[in-house]
Amino acid sequence: MSLINKEINDFSVQAYAEKEFRTVTKEDVLGKWGVFFFYPADFTFVCPTELEDLADKYEEFKEIGCEIYSVSCDSHFVHKAWYDASKTIQKIHFPMLADPTGALAKEFDVFIEADGMAERGSFIVNPEGKIVAYEVTAGNVGRNADELFRRVQASQFVAEHGDQVCPARWKPGAKTLKPGLDLVGQI
């Protein structure tokens with residue numbers, strides 16, 4: 001069953017961000033674009049490479065009005081310990097959401113019951129709190145922040161220009177398509 005256009009339910013979780021603990025709720029997410037970036041666990045191998053990639057691109061995400069929320073089933077205390085222990089994780093300035101009960105991972109349908117961890121899932125959520133794009137990859141395959149950023153930009157573009165669509169590899173300023181009978185079989 002597709003999660004496209006599913007509105008996220010109310011939630012309240014603890015987070016570690018900017019050397020502080022804080023609560024993040026659905027209300028904090030509404031009104032801007034967001035990326036929920038689920039990963040299996042802190043203190044692992046592929047996860048820090050992905051989070052570093054996002055951290056390196058975080059300012060660009062903020063410039064287009066998009067917040068990043070990394071999420072694992074670890075506690076906010078574990079997030080802090082990982083931050084304190086790892087130079088790579090110290091680059092992170094976005095909120096690291098704690099999901100020790102797996103409630104958010106279940107909400108986004110990426111919870112691995114047998115392991116008590118989340119799959120690698122990336123979800124783009126629009127300002128109304130609806131999922132507009134997502135992908136889930138195998139635990140041993142890292143994701144790319146540049147492609148995720150491009151998908152956020154494309155999602156923003158089609159939200160603003162509903163009569164146009166973005167072809168593969170589209171970037172802002174590139175040509176879009178306007179679906180119609182005249183394009184059928186012509187591309």
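Residues numbered from 1 in each chain as written. Predicted model: local features only at pLDDT ≥ 70, side-chain atom pairs only at ≥ 80, totals over all residues. Heavy atoms only, no water.

Under an unreviewed UniProt entry, the name given to the protein is Alkyl hydroperoxide reductase C, and the organism recorded is Faecalicatena contorta. According to the UniProt record, the Catalytic activity (unreviewed entry) comment for the protein is "a hydroperoxide + NADH + H(+) = an alcohol + NAD(+) + H2O". The Subunit (unreviewed entry) comment attached to the protein in UniProt states, word for word, "Homodimer; disulfide-linked, upon oxidation. 5 homodimers assemble to form a ring-like decamer." (UniProt positions renumbered as here; feature names shortened; annotations may be inferred.)

Draft legend 1. Representation of unusual backbone geometry. For K19, which is not a glycine, the phi torsion comes out positive at approximately 65°. Locating K19 in the fold gives a position in the loop between β1 (12-17) and β2 (20-25). For R169, which is not a glycine, the phi torsion comes out positive at approximately 65°. Relative to the helices and strands, R169 resides in the segment after α5 (145-160). (Helix = DSSP H or I, 4+ residues; strand = E, 2+ residues; numbered from the N terminus.)

Draft legend 2. View of the sheet that holds β1. Strand order in this open sheet of seven strands is β2-β1-β5-β4-β3-β8-β9, and the pairing throughout is mixed. Strands at the two margins of the open sheet, each flanked by one partner only, are β2 and β9 (131-137). The sheet shows a mean angle of 25° between the axes of neighbouring strands, taken without regard to direction. With six bridges joining them, strand β8 (residues 120-125) and β9 adopt antiparallel strand pairing. When the sheet's bridge partners are listed, R120 is paired in β9 with T137. Against the sheet, helix α3 (residues 76-85) engages β1, β2, β4 (66-72) and β5 (96-98), with an angle of about 15° to β1. Contacting β3 (33-38), β4, β8 and β9, α5 crosses the sheet at an angle of about 145° to β3. (Pairing = 2+ DSSP bridges. Axes fitted to C-alpha atoms, helices over the stretch in contact; angles between N-to-C directions. Contact = heavy atoms within 4.5 Å.)

Draft legend 3. Structural view of the pattern of salt bridges. Across all of its chains, the model carries 13 salt bridges by this definition. Among the salt bridges present, the one from E7 reaches K26, with a minimum N-O distance of 2.7 Å. Pair noted here: E7 is in the segment before β1 and K26 is in helix α1 (residues 26-29), with a separation of 19 residues, a long-range link. In this structure K26 comes out as buried when scored by relative accessible area, which is 8%. The residue E147 makes a salt bridge to R150 at a minimum N-O spacing of 2.9 Å. Taken together, the positions of E147 and R150, both in helix α5 and three residues apart, correspond to about one turn of that helix. Each of E135, E147, R150 and R151 takes part in salt bridges that share partners, so that together they form one network. (Salt bridge = Lys/Arg side-chain N within 4 Å of Asp/Glu carboxyl O. Buried < 20%, exposed > 50% of the residue type's maximum accessible area, 1.4 Å probe, protein only.)

Draft legend 4. Up close: the state of the cysteines. Inspection of the entire model under this criterion finds zero disulfides. With no disulfide of its own, C66 lies 15 Å from the sulfur of C166, the closest cysteine sulfur. By relative accessible area, which is 3% here, C66 ends up buried. (Disulfide = S-S within 2.5 Å.)

Draft legend 5. Expanded view of a nonpolar patch on the surface. Together, I4, Y134 and V136 make up an exposed nonpolar region whose accessible area comes to about 240 Å². Positionally, I4 belongs in the segment before β1. (Patch = residues over 30% accessible without salt bridge, like charges linked within 9 Å, V, L, I, M, F, W, Y side chains within 5 Å. Areas by Shrake-Rupley, 256 points an atom, 1.4 Å probe, with all protein chains shown as cover.)

Draft legend 6. The arrangement of the pairing of β4 in detail. Among the seven residues of β4, seven are classified as buried, and the element is accordingly described as predominantly covered. Going residue by residue along β4, you find C66, I68, S70 and S72 tucked away on one face and E67, Y69 and V71 tucked away on the opposite face as well. As paired elements, β3 and β4 share six bridges and run parallel to each other. When the bridges of β4 are listed, F36 appears paired with Y69. Between the parallel elements β3 and β4, the chain passes through helix α2 (residues 46-63) in a crossover that is right-handed. Where β4 lies against β5, three bridges are found, and the strand directions are parallel. Bridge pairing in β5 links S72 to A98. (Right-handed = clockwise from strand over helix to strand, strands pointing away.)

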